[in-house]
Amino acid sequence: MSPNGVEYGYNSKIEGEVVVSKLDAVINWVRKHSIWPMPMGLACCAIELMGTAGSRFDISRFGMEVMRFSPRQADCMIVAGTVTYKMAPIVRRIYDQMAGPKWVIAMGACASTGGMYRSYATMQGVDRIVPVDVYVSGCPPRPEALIDALMKLQNKIGNERSARGLLKRDQAHA
Amino acid sequence: MEEIKKQLQERFPAVESRDSVDWPAFNVPEERLLEVCRYLRDDLDYAMLVDVTAVDWSDVIPRFSVIYHLFSVSRSAYLRLAVNCADAGAPSMVSVCSIWPAANWHEREVYDMFGIQFKNHPDMRRILMWDDYPYFPLRKEFPLAGIETELPPEDTEVREATDAHVIAAPMMGGPFHATPGEPMSRAEPRAADQSWTEKNPKPLD
């Protein structure tokens, strides 16, 4: 309270403590600690994906345990397994159905490059149809590797310019 | 096993014995196939159809043979039948779905991979590749890497958005396909690679 009885600015006695930060940092902090994965389990990598979610490895330690089989409720597609050409348009369609912002992890050799399936039936890397944020090597990768990839994704989300995108979108709607 | 051979050939003189390293095998003419199969199932107790596959003999005539593997639970024994397709250009075979319903998907797979049409099959379409796929991948003239073509067309929206298509797969890091007597350096996957090497990098598409 100022001497002449007029209140200026922020009064911590009335409104509590406050932290000043950048909008980007706040948005990214919220986003990266509640990634909802969409388990796109297409082959044996999906078994390791299940192990990652199990109690021994436990991705809930990083805030990513809310696996959602509906693309509408997920924001990180984990492509775990071999993408055949027959399946590829469906993978892309499910990616399109996810609400933004959204990310993709290519889990294992097959999803990353086609892996050992150098054949007429297998898409040589899921990055031909969806934009991949993190590639995980391994055949299949161990759960630790997937957790590492998810933490790499968290770092990536932490460096995104999220607020700029929000303002742009508001202008577009106005 | 000899007794089965005797019984079968007494009943069907047209059935010839076929070289085999393990189980008894027979060549059956196509027009007798249904009778032979019914006899094997009902009288000799080969109740289970384990597998239907085919062989492409390349430039040999007849070019395609369809192979049936049967199993008898009571005898605990297998039996193999081989039937040649008369026409190499548009090969076809009678369906045994009426005898063993299990043949349904097996015959669809043989059609998918070799292009052998099965007559009187209840649902003769591809099973593994998509319906509009233009090739039969297990035929001898089909390259291991595949042939460049379009993605499944039911979703043109996706195809337009991604501009992705089926490519001839690079052999780098891929399967070994050694022929006997060949040095290993020529059997390695990279020996057959035609696209992604250090000198010729992965195309961006």
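Just so we're clear, the structure is a prediction, and the values are computed from it rather than from any experiment.

> Break down the packing of aromatic side chains for me, citing the residues and quoting the values.
Tallied over the full model, the rule gives 8 aromatic pairs over all chains. Pairing B:F71 with B:Y78 gives two aromatic rings, centres 4.7 Å apart and planes at 50°, and the pair type is tilted. Among the residues examined, B:F71 registers a relative accessible area of 16% and is labelled buried. B:Y78 gets classed as partly exposed once you look at its relative accessible area, which sits at 33%. Measuring from centroid to centroid gives 5.9 Å for B:Y135 and B:F142, while their planes differ by 50°, and the two rings are tilted. B:Y135 sits in the partly exposed class, given a relative accessible area of 26%. With relative accessibility at 9%, the residue B:F142 sits in the buried group. Ring-pair connections join several aromatic residues into one group, and the members of that group are A:Y120, B:W130, B:Y133, B:Y135 and B:F142. A cation over an aromatic ring shows up here: A:K102 above the ring of A:Y95, its NZ or CZ 4.3 Å from the ring centre.

> Lay out the pattern of salt bridges in plain terms, naming residues and giving numbers.
Here the idea is simple: oppositely charged side chains can pair when their charged atoms come close. Residue and element names in this part refer to chain B. Under the definition given, this model contains 15 salt bridges over all chains. Taking the shortest distance from any N to any O, the salt bridge between E30 and K119 comes out at 2.8 Å. Residue E30 is located in the loop between strand 2 (25-27) and helix 2 (33-42), and its partner K119 is located in strand 7 (residues 117-119); the two are separated by 89 residues in the primary sequence. Judged by its relative accessible area of 14%, E30 falls in the buried class. Judged by relative accessible area, which is 38%, K119 ranks as partly exposed. When the shortest N-O distance is used, the salt bridge between D56 and R63 registers 2.8 Å. Using a relative accessible area of 5% as the deciding quantity, one classes D56 as buried. Among the residues examined, R63 registers a relative accessible area of 16% and is labelled buried.

> Could you give an account of the nonpolar core, naming the residues involved and the relevant values?
A:M77, B:L33, B:Y68, B:L81 and B:I116 are the most contacted members of the largest nonpolar core, which totals 67 residues. Sort the elements by how many residues they give to this core and helix 2 of chain B lands first, with 5 residues. Each of domain 1 (2-139) and domain 2 (143-205) of chain B gives at least three residues to this core. In this structure, B:L33 is in contact with B:V28, B:Y68, B:L81, B:V83, B:M93, B:V94 and B:V96, ignoring residues within four places of it in sequence. Core analysis: the next-biggest nonpolar cluster, separate from the first, contains 22 residues, A:F62, A:M64, A:I78 and A:A149 among them.

> Explain the sheet that holds strand 3 (residues 48-56) of chain B to me, and be specific about the residues and the numbers.
Residues and elements named next belong to chain B. With mixed pairing, 5 strands are arranged side by side in an open sheet as 1-2-5-4-3. A strand with exactly one partner marks an edge of an open sheet, and here the two such strands are strand 1 (16-18) and strand 3. Taking the axes of each pair of neighbouring strands and ignoring which way they run, one obtains an average angle of 25° across the sheet. Of the strand pairs in this sheet, strand 4 (residues 64-72) and strand 5 (residues 77-84) are connected by 8 bridges, and their pairing is antiparallel. Residue pairing in the sheet places F71 in a bridge with Y78 of strand 5. Sheet strands touched by helix 3 (residues 103-114): strand 3 and strand 4. Its angle to strand 3, the strand with the most contacts, is close to 10°.

> Quick rundown of the interface of chain B and chain A? Include the residues and the values.
In this assembly, 33 residues from chain B lie in contact with 16 residues from chain A. Both sides of the chain B and chain A interface together cover about 2000 Å² of buried area, and 59% of this is carbon and sulfur. Here chain B and chain A share 0 salt bridges between them. Applying the counting criterion to the chain B and chain A interface returns 3 residue pairs in polar contact (both at pLDDT 80 or more). Looking at the side of chain B that touches chain A element by element, the count peaks at 4 residues for helix 4 (residues 156-162) of chain B.

> Would you mind going over the packing of helix 1 (residues 2-11) of chain B against helix 2 of chain B in detail, with residue names and values included?
Residues and elements named next belong to chain B. Contact pair helix 1 / helix 2: the axes reach a minimum separation of 11 Å and the direction vectors enclose 140°. As far as their axial angle goes, helix 2 and helix 1 are oblique. Classified by chirality, the crossing of helix 2 by helix 1 is right-handed. In this structure, helix 1 contributes Q7, L8 and R11 to the contact, and helix 2 contributes V36, Y39 and L40. Its residues assigned to classes, the contact of helix 1 with helix 2 shows 4 nonpolar, 1 polar and 1 charged.

> Can you explain the domain arrangement of chain B? Please cite residues and give values.
All names here are of chain B. Domain parsing of chain B yields domain 1 (2-139) and domain 2 (143-205). Listed as interface residues are 5 residues of domain 1 and, on the opposing side, 8 residues of domain 2. When the two sides are added together, the surface that domain 1 and domain 2 hide from each other amounts to roughly 480 Å², 74% of it contributed by carbon and sulfur. In terms of surface lost to domain 2, no three residues of domain 1 exceed W130, Y133 and Y135, which account for 79% of the buried area on that side.

> Describe in detail helix 6 (residues 143-158) of chain A, supporting the description with residues and values.
Residues and elements named next belong to chain A. Here helix 6 spans 22 Å end to end across 16 residues, near enough to the 22 Å set by a 1.5 Å rise per residue. Buried within helix 6 are the following residues: P143, L146, I147, A149, L150, L153, Q154 and I157. Buried residues of helix 6, seen end-on, are gathered within an arc of 155° and therefore sit on one face of the element. Packed against the buried residues of helix 6 are helix 2 (23-32), helix 3 (45-53), strand 2 (76-80), strand 3 (103-107) and strand 4 (134-136).

Criteria and thresholds
Residues numbered from 1 in each chain as written. Chains lettered and ligands numbered in written order. Predicted model: local features only at pLDDT ≥ 70, side-chain atom pairs only at ≥ 80, totals over all residues. Heavy atoms only, no water. Phe/Tyr/Trp six-rings, centres within 6.5 Å; stacked < 30°, edge-to-face > 60°. Buried < 20%, exposed > 50% of the residue type's maximum accessible area, 1.4 Å probe, protein only. Lys NZ or Arg CZ within 6 Å of the ring centre and 35° of its normal. Salt bridge = Lys/Arg side-chain N within 4 Å of Asp/Glu carboxyl O. Helix = DSSP H or I, 4+ residues; strand = E, 2+ residues; numbered from the N terminus. Core = buried A, V, L, I, M, F, W, Y, C linked by side-chain atoms within 4.5 Å. Domains from an automatic or database assignment. Contact = heavy atoms within 4.5 Å. Pairing = 2+ DSSP bridges. Axes fitted to C-alpha atoms, helices over the stretch in contact; angles between N-to-C directions. Buried area = accessible area lost by both parts, 1.4 Å probe. Polar contact = N/O pair within 3.5 Å; in protein donor to acceptor, adjacent residues only side chain to side chain. Parallel < 35°, antiparallel > 145°, perpendicular 65-115°, else oblique. Left-handed = near helix turned anticlockwise from the far one by under 90°. Nonpolar A, V, L, I, M, F, W, Y, C, P; charged D, E, K, R; others polar. Expected span 1.5 Å × (residues − 1). Arc of directions from axis to C-beta.

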